[in-house]
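# Architecture at a glance
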Amino acid sequence: TARLRRPGCTDTMTDSVGFIGLGIMGEGMAKCLLKSGRKLVVWNRSAAKCAALSADHPGAVTAVDSPSAVLAACDLVYCMLSTPDAVKAVYEMEGGVLAGVRAGTKLVDCATLAAEDMVRLEKQVTERGGRFLEAPVSGSKGPAASGQLIFLTAGDEPLFEEIKGTDLEAMGKASFFFGAPGKGARMKLVVNMVMGTMMASLGEGLALCGAAGMDCEQLLKVLDLGVMSNGMFRLKGPKMVQSDHAPNFPLQHAQKDMRLAGELGAQLGLGLPVAAATNAAMLAAREQGLSDEDFSSVYEAQKKTKP
């Protein structure tokens, strides 16, 4: 099941919803909900993010002191946390997400996790009387801020139907429903695996081009004129040539997704040698201190790789 729409954050609503996690992705998503007319009750591990959002949107944002307080205030809550460890901590901490789940809770989790992690979360939420929709997104900082994400959902289909024409349209340009819990997470890992291998391929191509004494900017022009033309190469390529790796999708998160995709392949008995090589390249870049840079920074390690 898929839903597409015109770009932008356009719907007008008045009900308050909860939002947990105001990082690189969550901040932009929350702002799109605010633009749509939503009022928000928010919590973030760094309280400064909540204070800044409240200051920018007086009267529309209420900051609370725990995840459970968000769930106490709102039936519908969105979570956008950065890593599996962060998700587990925020769900299971004292005053965490699970402590606030009750009959009537509708929880939408947008993190990128292994399928078994999403299945665990769904079980933890539903056994406490709540409803759960996994909704990882395809897109990085820019699409999150402009309402251009792609939602890859699974789990509670009636909840998907309830929010797809309102909040998901405010935050995204398309939404898909894939079925049972875990299937949204699996699709997200496939998507990010393809994206990561494309980035590693571009980085290796630029590295070879530069080592051969050729003009990397000309390479980008050649690629853009042929069948390999794509938005990511157009966006990232010129920045890579300039060693500009300001984070939109941090390398540590991209490498985590490559690892999870490899683990999924192993579970299914499927070898993924290209993904494995990409994971190794990203790990090498992380070992050079680039974890917090954009995932395009894999190129910096590739330029130094020896035969």
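Below: a short report on this structure.

The rules we used
- Residues numbered from 1 in each chain as written.
- Predicted model: local features only at pLDDT ≥ 70, side-chain atom pairs only at ≥ 80, totals over all residues.
- Heavy atoms only, no water.
- Salt bridge = Lys/Arg side-chain N within 4 Å of Asp/Glu carboxyl O.
- Helix = DSSP H or I, 4+ residues; strand = E, 2+ residues; numbered from the N terminus.
- Expected span 1.5 Å × (residues − 1).
- Phe/Tyr/Trp six-rings, centres within 6.5 Å; stacked < 30°, edge-to-face > 60°.
- Axes fitted to C-alpha atoms, helices over the stretch in contact; angles between N-to-C directions.
- Parallel < 35°, antiparallel > 145°, perpendicular 65-115°, else oblique.
- Contact = heavy atoms within 4.5 Å.
- Nonpolar A, V, L, I, M, F, W, Y, C, P; charged D, E, K, R; others polar.

### A few points about the pattern of salt bridges
- Under the counting rule described, the total for this entry stands at 15 salt bridges.
- Between K106 and E162 there is a salt bridge, with the nearest N and O atoms lying 2.6 Å from each other. Taken together, the residues span a long stretch of sequence, with K106 in strand β6 (residues 106-109) and E162 in helix α8 (residues 157-163) at a distance of 56 residues.
- The partner of K123 in a salt bridge is E127, and the shortest N-O contact between them spans 3.2 Å.

### Observations concerning helix α10 (residues 183-211)
- For α10, with 29 residues, the first-to-last C-alpha span of 42 Å sits near the 42 Å given by 1.5 Å per residue.
- Just beyond α10, the residue with positive phi is G213, at close to 80°.

### Considering the packing of aromatic side chains
- The full count for this structure, using the stated rule, is four aromatic pairs.
- A centroid spacing of 6.1 Å and a plane angle of 5° characterise the contact between F176 and F178, whose relative ring orientation is stacked.

### Quick word on the packing of helix α4 (residues 84-92) against helix α6 (residues 115-126)
- Where α4 contacts α6, the axes come no closer than 12 Å and their chain directions differ by 10°. What the angle tells us is that α4 and α6 run roughly parallel. Mapping the contact onto sequence places P84, V87, K88, Y91 and E92 in α4 and D117, R120, L121, Q124 and V125 in α6.
- Considering only residue class, the contact of α4 with α6 consists of five nonpolar, one polar and four charged.

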